[in-house]
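Here's the letter readout for the chains.
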Amino acid sequence: MAQGTTVPKLNFEYWLDKAVEWGQATTLESQKDVCLHLPQLQEFLHQIYETLKHMDSIVAIQQFPLIGQLLGRLCWNPFVMGYDESQKTLMWCLCCLYSSEPQNPVELKANSWIRSLLCHLLSSSKWESNEAETSTFISTLGYTSADYYCHLVKNMVFPLVTELRGNQFNGLNIQGRVSASRVNAVSLFCLPLITLPDLTPLLETLLLYHGGASKEILSSEFLEAVNEAFLKKKISLPESAVFSLWLRHLPSLEKATLYLLDQLVTIQFTSLEEVACIIKDSLLPQAASHPAIFRIVNEIFKNALLETDGTPEVMTIIQVFTQLFLQAHQNENKHKFPLKAYFPYHHQPLLTALLRRPFELPTTHWSQHLKHISDMLKALVEDTNISSLADLFEIWFLVACFGEWLDIAAEQLLKAAVEPDALLWLLAFYYCPQNENQQRTQTMVEAQAVYNHLMMLFSCTVLSVKDLEAAVHSIMDTEQCCNQHLITHLLTNFLLFSSGGRMIAQEFIYHRTVEISKLLSSAKMYEKTCLGQKLLLNSEHFTCSVITETTDRSKEVCSLLIRSAYRINHNGEENQRTVKLLNELLQKLTSKV
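Residues numbered from 1 in each chain as written. Predicted model: local features only at pLDDT ≥ 70, side-chain atom pairs only at ≥ 80, totals over all residues. Heavy atoms only, no water.

The next thing to look at is the pattern of salt bridges. In this structure the tally under the stated criterion is 15 salt bridges. For the salt bridge of Glu228 with Lys255, the shortest nitrogen-to-oxygen distance reads 2.3 Å. Pair noted here: Glu228 is in helix H13 (residues 220-231) and Lys255 is in helix H15 (residues 250-265), with a separation of 27 residues, a long-range link. According to the relative accessible area criterion, Glu228 is partly exposed, its value standing at 23%. Residues Lys371 and Asp375 are paired through a salt bridge, measuring 2.9 Å at the closest nitrogen-oxygen approach. With Lys371 and Asp375 both in helix H21 (residues 366-381), this residue pair falls 4 residues apart, about one helical turn. What makes Asp375 partly exposed here is its relative accessible area of 37%. Residues joined by salt bridges that share partners form a network here, namely Asp407, Glu411, Lys415, Arg563 and Arg567. (Salt bridge = Lys/Arg side-chain N within 4 Å of Asp/Glu carboxyl O. Helix = DSSP H or I, 4+ residues; strand = E, 2+ residues; numbered from the N terminus. Buried < 20%, exposed > 50% of the residue type's maximum accessible area, 1.4 Å probe, protein only.)

Counting residues in each nonpolar core, the largest one holds 182 residues, and the members touching the most others are Leu202, Phe222 and Trp246. Top element by residues in this core is helix H24 (residues 420-431). It accounts for 10 residues. Beyond its immediate chain neighbours, meaning those up to four positions away, Leu202 contacts Val157, Leu160, Val161, Leu164, Val186, Phe189 and Cys190. (Core = buried A, V, L, I, M, F, W, Y, C linked by side-chain atoms within 4.5 Å. Contact = heavy atoms within 4.5 Å.)

Attention now moves to the environment of Glu50. Within the secondary structure, Glu50 is located in helix H2 (residues 28-52). In the structure, Glu50 is positioned 43 residues away from Cys93 in sequence and 8.8 Å away in space, judged by C-alpha atoms.

Next comes the structure, spelled out in structure tokens:
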């Protein structure tokens with residue numbers, strides 16, 4: 001209908017008078033009169049909709065100032081709602097009156113009223129709460145309340161889905177036939193009804209719908225509400241719909257990533273399997289198969305590391321996410337991007353080496369592969385072209401994302417016959433990437449000293465806690481200790497993989513934690529890991545309270561043990577004594593963290 005077409009005033013007033021006269025059709029006479037006029041009323045409502053859909057909501061209300069009263073009264077009449085397509089047409093009319101950008105309190109109040117009315121029409125609880133008023137009508141139709149509600153929702157959703165999907169013919173995009181304002185109105189119509197299961201096909205269709213408009217045609221309120229409902233498990237959507245949501249609305253992607261981080265750091269997980277399950281269930285690793293999503297998630301992870309000073313929990317989450325992303329990418333069959341699309345600015349030979357999963361190589365080749373990584377990394381960071389702290393941070397973050405190789409490096413130092421310098425340098429870089437004032441150089445010296453002491457004790461079948469403490473004190477009592485985290489890493493692996501260390505592991509970790517923390521806190525030491533410009537520029541001495549240091553040390557050791565348990569469970573190369581010890585340590589340590 002042309003934009004200038006109007007609904008005759010006489011007819012409009014006539015139907016408003018009828019709606020007032022009928023009320024909610026509680027008498028036999030009013031019911032008979034409603035049934036007599038239903039065909040003409042439906043035609044009149046269709047005329048209203050054809051006129052309203054070409055109008056701005058403000059203009060529509062100005063031209064038909066009583067339209068709210070008419071629609072509101074008809075929506076509460078069960079005989080009108082149950083007749084053919086009247087209920088659907090009424091809802092479309094309400095959507096046309098909804099203001100996508102309310103400018104004043106009156107429009108805000110009108111929007112609120114429309115949302116409430118839509119909820120009344122399609123909410124099961126509304127129908128159930130008014131069952132006394134509608135039961136006669138529903139039972140006459142031969143339905144229960146639940147059946148009636150279900151048929152109402154499907155009667156609304158099916159034609160909308162058909163209309164939107166009907167613009168796809170043999171794979172050709174001919175969506176221009178549906179106006180952007182029409183699609184926006186449909187998305188607004190969904191707002192109060194998003195959690196209704198029968199609405200899911202319409203949500204999916206809208207999220208996958210792309211018109212020819214240069215800007216987003218779905219309302220931001222709709223996208224935010226769908227994302228919120230999905231994150232809180234109130235609705236279930238196909239992966240393709242969720243990926244499309246995050247691609248077309250970046251605030252939703254950011255919220256989903258932060259929601260996942262918050263969810264993981266606030267629980268006390270005891271295994272990486274648990275972490276992996278939660279991350280995979282979020283669909284973020286699968287969605288990251290699209291390079292744009294991957295890079296945005298990675299940026300959020302970087303900021304999380306900086307804001308938390310690189311806590312072991314956040315670092316572990318990032319490493320597990322990277323592993324799951326690689327699995328999802330490997331399983332992707334169509335529209336598969338090359339891996340360099342996800343890391344476009346990184347040194348490709350180093351990236352290729354890091355991308356090799358440990359299970360793809362024989363264990364006898366691990367040390368050589370790690371040496372190859374270390375040599376390339378050392379040449380790269382010592383290159384004069386790597387001058388900015390930002391560039392150094394990007395290299396460090398790439399290595400940190402593939403932290404499984406770092407854990408294997410620490411294990412190989414104690415378990416295999418290796419040349420230690422390359423592997424120690426790799427760990428020294430991870431724990432102290434900046435070499436200003438020779439921090440990394442000093443870290444390397446300390447790591448070599450600790451490693452030499454531990455190797456002298458490694459073959460001892462009988463070992464006391466005092467023997468191991470003496471090795472630690474010989475380093476920690478020096479004037480300056482650059483990095484206690486690298487030493488903790490080496491000590492933890494020594495306790496796990498040496499026969500003497502296994503015998504004293506529980507006593508050393510549990511009963512000496514406070515003493516170790518006192519020792520580490522009293523030494524002159526630098527910030528734990530120089531992460532990015534903020535931390536790289538502010539590396540300085542710090543002193544923690546013994547209680548805080550003890551808790552942090554317990555979390556750090558716990559994180560190392562969890563990663564070791566996950567790797568051993570998947571590779572299965574360790575003997576049962578190590579597996580049993582790991583389980584015992586984790587069970588007791590997690591109860592104390």
